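Architecture at a glance
Chain residues, written in single-letter form:
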Amino acid sequence: DPKIIQKPKYLVAVTGSEKILICEQYLGHNAMYWYRQSAKKPLEFMFSYSYQKLMDNQTASSRFQPQSSKKNHLDLQITALKPDDSATYFCASSQEDTQYFGPGTRLLVL
Amino acid sequence: SQLAEENSWALSVHEGESVTVNCSYKTSITALQWYRQKSGKGPAQLILIRSNEREKRNGRLRATLDTSSQSSSLSITATRCEDTAVYFCATAPSSGSWQLIFGSGTQLTVMP
């Protein structure tokens, strides 16, 4: 059974629209993260949450907003989508030093 | 700029051979991690080696850490086709930091 679920697996959006990427983890971890991986750049850290509180934000744009409705959920809302937002977005969770990654959501913005 | 960077873009070997991926980093670290990412999947941690450790093993994998030269290596022995993946080293920018900073990765291809 998958321990970190990301939905949807693939997402196509038009420029200017808004999308929400879903992440649920069933590892019992208190910390959750979002990373982005695009063809042009290495895997990039975006946000970290611990006990549903924002701990670190390395995303310059306010168009990216994490949302944690439950301890094991960390969704990512992206507004005013741009073609440059096209990437695979990975959710991860950790208890100590090891981060466990989900399968990713591949976003394509046209 | 990247805190950690692998030294090769791509490597290819034949099954059964050994291979080493190297990584260099720029700042003092508390630990360095090696991750593997197979096509279409998320990264998975292979080994975490702390700054007071010189070597760590995990089955066919062996990681070394040289804090004086700020470098690390990951060796894989008896490679298999399923070892084909991108291998990343990753560090945290400071002690207690929540984020991991990944290198660009080395694509390893293991041929039959």
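Anyway, here's the lowdown on the structure attached to this text. (Residues numbered from 1 in each chain as written. Chains lettered and ligands numbered in written order. Predicted model: local features only at pLDDT ≥ 70, side-chain atom pairs only at ≥ 80, totals over all residues. Heavy atoms only, no water.)

**Looking at empty space enclosed by the protein**
Residues and elements named next belong to chain A. Tallied over the full model, the rule gives one cavity of 30 Å³ or more. Estimated volume of the largest cavity: approximately 40 Å³. Around the largest cavity, the lining residues are Asn30, Met32, Tyr49, Ser50, Tyr51, Gln52, Ser68, Lys71, His73 and Leu74. Among the residues making up the lining of the largest cavity, the classes are represented as four nonpolar, five polar and one charged. (1 Å grid on protein atoms, 1.4 Å probe; cavity = no way out; pocket = protein on both sides within 12 Å on 5 of 7 lines; lining within 4 Å. Points joined across faces, edges and corners; volume = space filled by probe spheres on them. Nonpolar A, V, L, I, M, F, W, Y, C, P; charged D, E, K, R; others polar.)

**Re the side chain of A:Asn30**
Position of A:Asn30 among the secondary structure elements: in the loop between strand E3 (19-25) and strand E4 (31-38). Engagement of the side chain of A:Asn30 in a polar contact is seen with the side chain of A:Lys71, the distance being 2.8 Å. (Helix = DSSP H or I, 4+ residues; strand = E, 2+ residues; numbered from the N terminus. Polar contact = N/O pair within 3.5 Å; in protein donor to acceptor, adjacent residues only side chain to side chain.)

**Some thoughts on the sheet that holds E3(A)**
Remark on secondary structure: sheet strands pair via backbone hydrogen bonds, oriented parallel or antiparallel. Residue and element names in this part refer to chain A. Spatially, the four strands line up as an open sheet ordered E1-E3-E8-E7, and their pairing is antiparallel. The sheet is open, and its two edges are formed by strand E1 (4-7) and strand E7 (64-67), each paired on a single side. Going from strand to strand, the sheet's axes swing by 15° on average, the running direction of each strand aside. In terms of strand pairing, E1 meets E3 through four bridges, oriented antiparallel. Its bridge partner lying in E3, lysine 7 is registered against isoleucine 22. (Pairing = 2+ DSSP bridges. Axes fitted to C-alpha atoms, helices over the stretch in contact; angles between N-to-C directions.)

**A word on the sheet that holds strand E7 (residues 61-66) of chain B**
All names here are of chain B. The sheet built from five strands is open, its strands ordered E1-E3-E8-E7-E6 with antiparallel pairing. The outermost strands of the open sheet, each flanked by one partner alone, are strand E1 (4-6) and strand E6 (55-58). Here the average twist between neighbouring strands, direction ignored, is 20°. Where strand E3 (residues 19-25) lies against strand E8 (residues 71-76), six bridges are found, and the strand directions are antiparallel. Residue pairing for E8: cysteine 23 is matched across the bridge by serine 72.

**A few points about the state of the cysteines**
Evaluated as defined, the whole model comprises two disulfides over all chains. Disulfide partner of A:Cys23: A:Cys91, at an S-S distance of 1.9 Å. Across the S-S bond linking A:Cys23 and A:Cys91, the dihedral sits near -70°, which makes this disulfide left-handed. Residue A:Cys23 is located in strand E3, and its partner A:Cys91 is located in strand E9 (residues 87-94); the two are separated by 68 residues in the primary sequence. Between the sulfur atoms of B:Cys23 and its disulfide mate B:Cys89 the distance is 2.1 Å. Note on the B:Cys23 and B:Cys89 pair: the S-S dihedral is about 80°, so by sign convention the disulfide is right-handed. Separated by 66 residues along the polypeptide, B:Cys23 in strand E3 and B:Cys89 in strand E9 (residues 85-91) bring together distant segments of the chain. (Disulfide = S-S within 2.5 Å.)

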